[in-house]
Amino acid sequence: MENIAILGSTGSIGCNSLDVINKLNHRFKVVGLAAGRNTKLLDEQVEKFRPEIVSLEREEDAEEFRRKHKSKSIQVTFGQDGAEEVASLKNCDIVVSAITGINGLRPTLAAVKSGKKIALANKESMVVAGHLIKATAREYGAVIIPVDSEHSGVFQCLAKEQIKDVRKVILTASGGPFFERAHQEMENISLEEALNHPRWKMGKKVTIDSATLMNKGLELIEARWLFDLEPHQLEILIHPQSIVHSLVEMHDGSVLAQLSPTDMRVPIQYALTYPEREDSLMPSLDLSKIKALEFFEADVEKFPLIKLARFVLEEGGSYPVAINASNEAAVSAFLNKRIKFTEISDVVAEVVENHQKREVENLEDIFCVDRETREKTRNLLKERT
Ligand code: MG
């Protein structure tokens, strides 16, 4: 039996992880859950999976939860400290890191420092602190298995390869809901349209990032650290069917690819059972039904955040922290209907273009740049709303 803690248990990845664990309950047991504010769903998860510890985002929710479940022997905690506690539980083997945004960074690092196997879905922590997470993982013997479907694909392609033999890695992108939308019509996109992803059912933040293609920009930076690649080795390709999740071109001209049904439970299960595989009860991929797999270059004029993310990938230093912070703030403003869709990229571009690069060596440096950039973004947003 392996014990699992889930950070972000009530989100999309958290729920899919619990579904996988439920099917594989002969080998996995849930010992810890960290959630945000969805206490109702956490209630149901606790009834079903009986963890030893849960954490909620807010103290008042934790207090109410404690009262409600006082008959059970369950520890209830809250906040970033609470999530860190769940991440570093002594009797836990695997941590699913699926809190959205930079809020996932401290808990992810806590899991790394505890030498766990980490199923990493929180891409933002790799974007802002990739070098730090990798160095800490080496020091404490933690193993990081990507859950992001493209990175799971690369990881699987590279399982029996050496990184020195890789010429380049291509991450595919569905293109999001606006792949076919005319450039001049991008301004009038509504929140509802942007939240309606054609292929993947995901949380709100990553769904908007997929619509602006910023998600792919973040994934380029994530891949750089996960696989120790140079920026020039990383490319993206639009693939509307979302069946091929990534391609790895070797120096000898061979191209390896990973294909699977478009369902996050596939990469989640792979991360949990790695290096083994289990029967997933997933329907088989039927290519004769899909018929055509298409690939296109990304339109960087229509999706300027791709170009900006590439610049950030090559510059490094504090730039990844700045682009992530401004994007999180701008996406949140769009989700609250304060700005138009195209203003997300306008605002992020303005912040990143005015950013002064510096070195970020530790968590304090990272959070300092994050705070400053959010402040600048908020001021820009105020001028626009
Ligand atoms: Mg992805």
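Note that the structure is predicted; figures quoted are calculated from it, not measured.

Draft legend 1. Quick peek at the sheet that holds strand 4 (residues 75–78). Ordered by their spatial adjacency, 7 strands build an open sheet running 4-3-2-1-5-6-7, and the pairing between neighbours is parallel. The open sheet is flanked by strand 4 and strand 7 (143–146), the only strands paired with a single partner. Across this sheet, the average inter-strand angle for adjacent strands is 25°, counted without regard to direction. Alignment of strand 5 (residues 94–97) against strand 6 (residues 117–120), held across 4 bridges, turns out to be parallel. Residue pairing across strands places V95 opposite I118, the latter belonging to strand 6. Contacting strand 3 (53–56) and strand 4, helix 3 (residues 59–68) runs over the sheet at an angle of about 170° to strand 4.

Draft legend 2. Summary view of the coordination of the magnesium ion. The protein atoms that coordinate the magnesium ion are D148 (OD), E150 (OE) and E219 (OE), at distances of 2.1 to 2.2 Å. In the primary sequence, the donor residues of the magnesium ion line up as D-x1-E-x68-E. With E150 in helix 7 (residues 149–157) and E219 in helix 10 (residues 214–226), this pair connects stretches of sequence that are 69 residues apart. In this structure, E150 and E219 share a single accessibility class: buried.

Draft legend 3. Structural view of empty space enclosed by the protein. Per the counting criterion, the structure on display carries 1 cavity of 30 Å³ or more. Forming the boundary of the largest cavity are V351, N354, H355, T373 and K376. Partitioning the lining of the largest cavity into residue classes produces 1 nonpolar, 3 polar and 1 charged.

Draft legend 4. A look at the packing of aromatic side chains. Inspection of the entire model under this criterion finds 7 aromatic pairs. Here F179 and F296 contribute two aromatic rings whose centre-to-centre distance is 5.2 Å and whose plane-to-plane angle is 50°, an arrangement assigned as tilted. Highlighted residues: F179 in the loop between strand 8 (166–173) and helix 8 (191–194) and F296 in the loop between helix 12 (287–290) and helix 13 (304–315), separated in sequence by 117 residues. Residue class for F179 comes out partly exposed when judged on its relative accessible area of 24%. For F296, a relative accessible area of 32% corresponds to the partly exposed category. Seen from their ring centres, F311 and Y319 are 5.2 Å apart, and the 75° between their planes marks the pair as edge-to-face. Among the aromatic residues, ring-to-ring pairing joins F155, Y270 and Y274 into one connected group.

Conventions we followed
- Residues numbered from 1 in each chain as written.
- Predicted model: local features only at pLDDT ≥ 70, side-chain atom pairs only at ≥ 80, totals over all residues.
- Heavy atoms only, no water.
- Pairing = 2+ DSSP bridges.
- Helix = DSSP H or I, 4+ residues; strand = E, 2+ residues; numbered from the N terminus.
- Axes fitted to C-alpha atoms, helices over the stretch in contact; angles between N-to-C directions.
- Contact = heavy atoms within 4.5 Å.
- Donors = N, O, S within 2.8 Å, 3.2 Å for Na, K, Ca; no water.
- Buried < 20%, exposed > 50% of the residue type's maximum accessible area, 1.4 Å probe, protein only.
- 1 Å grid on protein atoms, 1.4 Å probe; cavity = no way out; pocket = protein on both sides within 12 Å on 5 of 7 lines; lining within 4 Å.
- Points joined across faces, edges and corners; volume = space filled by probe spheres on them.
- Nonpolar A, V, L, I, M, F, W, Y, C, P; charged D, E, K, R; others polar.
- Phe/Tyr/Trp six-rings, centres within 6.5 Å; stacked < 30°, edge-to-face > 60°.

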